[in-house]
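Architecture and fold: a report
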Amino acid sequence: KAGVTQTPRYLIKTRGQQVTLSCSPISGHRSVSWYQQTPGQGLQFLFEYFSETQRNKGNFPGRFSGRQFSNSRSEMNVSTLELGDSALYLCASSASQGGGYGYTFGSGTRLTVV
Amino acid sequence: QQQVKQSPQSLIVQKGGISIINCAYENTAFDYFPWYQQFPGKGPALLIAIRPDVSEKKEGRFTISFNKSAKQFSLHIMDSQPGDSATYFCAASEEGAQKLVFGQGTRLTINP
């Protein structure tokens, strides 16, 4: 079965712009979580969605937002981009109701802010 | 209290040797401890996971040892192979939190 698909794979944006990243979970998975990965901070939790509801949010500014659609696909948006937002953004899907159990990660979107 | 501390940051092991990566945590509410393997250009992939009611879990060459009283857990890779060269992350979560807390990662290199 198809894995978690993240698009685009790479993005270059300018400071002040906004960006939208997309994640299609494994078919049948209703939980989608987003993580930011940087060399300095490692993997940090952004937010988790289940059945179109955000159930948990990490310690990130309000510029980071997300949503989940009825088909479980999810998007995350970062507005007013800063240089420090450059990172690998990872999406994970799970059949369970969150908790990090049985995550399958996508290959990520590499965002570079210049 | 939400941190998971992982060591070492990097590790070099000879082919056929045993690779050992350690993690420690403070939050006693954590009830799920997975290990992930990440290759360059890929997302982390779940290797093996353990619950605190078990002291050891083995899957092939990979073993998790769990010490609840010390709040520590470790990953052992037996007969390490060059294909095991990757970055390894430990993580932890608690029921109801809907998230994983990750360690900082260990870059493992297996020399042929």
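Scroll up for the structure.
Reading the values: rules and limits
- Residues numbered from 1 in each chain as written.
- Chains lettered and ligands numbered in written order.
- Predicted model: local features only at pLDDT ≥ 70, side-chain atom pairs only at ≥ 80, totals over all residues.
- Heavy atoms only, no water.
- Helix = DSSP H or I, 4+ residues; strand = E, 2+ residues; numbered from the N terminus.
- Rg over C-alpha atoms; globule rule 2.2 N^0.38 Å.
- Buried < 20%, exposed > 50% of the residue type's maximum accessible area, 1.4 Å probe, protein only.
- Contact = heavy atoms within 4.5 Å.
- Pairing = 2+ DSSP bridges.
- Axes fitted to C-alpha atoms, helices over the stretch in contact; angles between N-to-C directions.
- Salt bridge = Lys/Arg side-chain N within 4 Å of Asp/Glu carboxyl O.
- Buried area = accessible area lost by both parts, 1.4 Å probe.
- Polar contact = N/O pair within 3.5 Å; in protein donor to acceptor, adjacent residues only side chain to side chain.
- Nonpolar A, V, L, I, M, F, W, Y, C, P; charged D, E, K, R; others polar.

1. Quick look at the overall build of chain A
When helices and strands are counted, chain A shows zero helices and eleven strands. Along chain A, helices and strands appear, N-terminal first, in the series β-β-β-β-β-β-β-β-β-β-β. At 13 Å, chain A has a C-alpha radius of gyration in line with the 13 Å of a compact globule built from 114 residues. With the principal axes as the frame, chain A shows a C-alpha extent of 35 × 25 × 25 Å. The buried share among the 114 residues of chain A stands at 51%. The contacts of chain A with a sequence gap of at least 6 include a subset with a gap of at least 24, amounting to 54%.

2. A look at the sheet that holds strand S7 (residues 64-68) of chain A
Residues and elements named next belong to chain A. Across the sheet, four strands lie side by side as S1-S3-S8-S7; this open sheet has antiparallel pairing. Two strands close off the open sheet at either side, each with one partner strand: strand S1 (5-7) and S7. The sheet shows a mean angle of 15° between the axes of neighbouring strands, taken without regard to direction. Of the strand pairs in this sheet, strand S3 (residues 19-24) and strand S8 (residues 74-78) are connected by five bridges, and their pairing is antiparallel. Bridged to Leu21 within S8 is Met76.

3. As for the pattern of salt bridges
Residues and elements named next belong to chain A. A complete count under the given rule lists eight salt bridges over all chains for this structure. For the salt bridge of Glu48 with Arg55, the shortest nitrogen-to-oxygen distance reads 2.9 Å. Residue Glu48 is classed as buried on the basis of its relative accessible area of 0%. On the basis of relative accessible area, Arg55 is assigned to the partly exposed category, the value being 28%. Within this structure, Arg63, Glu82 and Asp85 form a network of salt bridges that share partners.

4. A short note on the interface of chain B and chain A
In this assembly, 20 residues from chain B lie in contact with 23 residues from chain A. For chain B, the biggest contributors to the area lost against chain A are Pro44, Gln98 and Phe102 of chain B; these three give 34% of the whole. In this structure, the connection of chain B to chain A is made through zero salt bridges. In this structure, the connection of chain B to chain A is made through seven residue pairs in polar contact (both at pLDDT 80 or more). Considering only residue class, the side of chain B that touches chain A consists of eight nonpolar, six polar and six charged.

5. A short note on the side chain of Glu75 of chain A
Residue and element names in this part refer to chain A. With respect to the secondary-structure elements, Glu75 resides in strand S8. Within polar-contact distance, the side chain of Glu75 engages the side chain of Arg73 at 3.3 Å. For Glu75, the contacting residues outside a window of four places in its chain are Thr20, Leu21, Ser22, Trp34, Ser65, Gly66, Arg67 and Phe69.

6. Section: the sheet that holds strand S1 (residues 4-7) of chain B
Residues and elements named next belong to chain B. One open sheet holds the five strands; their spatial order is S1-S3-S8-S7-S6, and the pairing between them is antiparallel. Looking along the sheet, the strands with just one partner apiece sit at the ends: S1 and strand S6 (56-59). Across the sheet, the mean angle separating the axes of adjacent strands is 15° when strand polarity is ignored. Pairing geometry for S1 and strand S3 (residues 19-25), over four bridges, is antiparallel. Bridge assignment links Val4 to a residue of S3, and that residue is Tyr25.

7. Some remarks on the pairing of strand S9 (residues 87-94) of chain A
Residue and element names in this part refer to chain A. Of all eight residues that make up S9, eight are buried, and the element is covered over most of its length. With burial as the criterion, each face of S9 is covered, one bearing Ala87, Tyr89, Cys91 and Ser93 and the other bearing Leu88, Leu90, Ala92 and Ser94. Direction of pairing for strand S4 (residues 31-38) relative to S9: antiparallel, over a ladder of seven bridges. Its bridge partner being in S9, Ser33 is matched across the sheet by Ala92.

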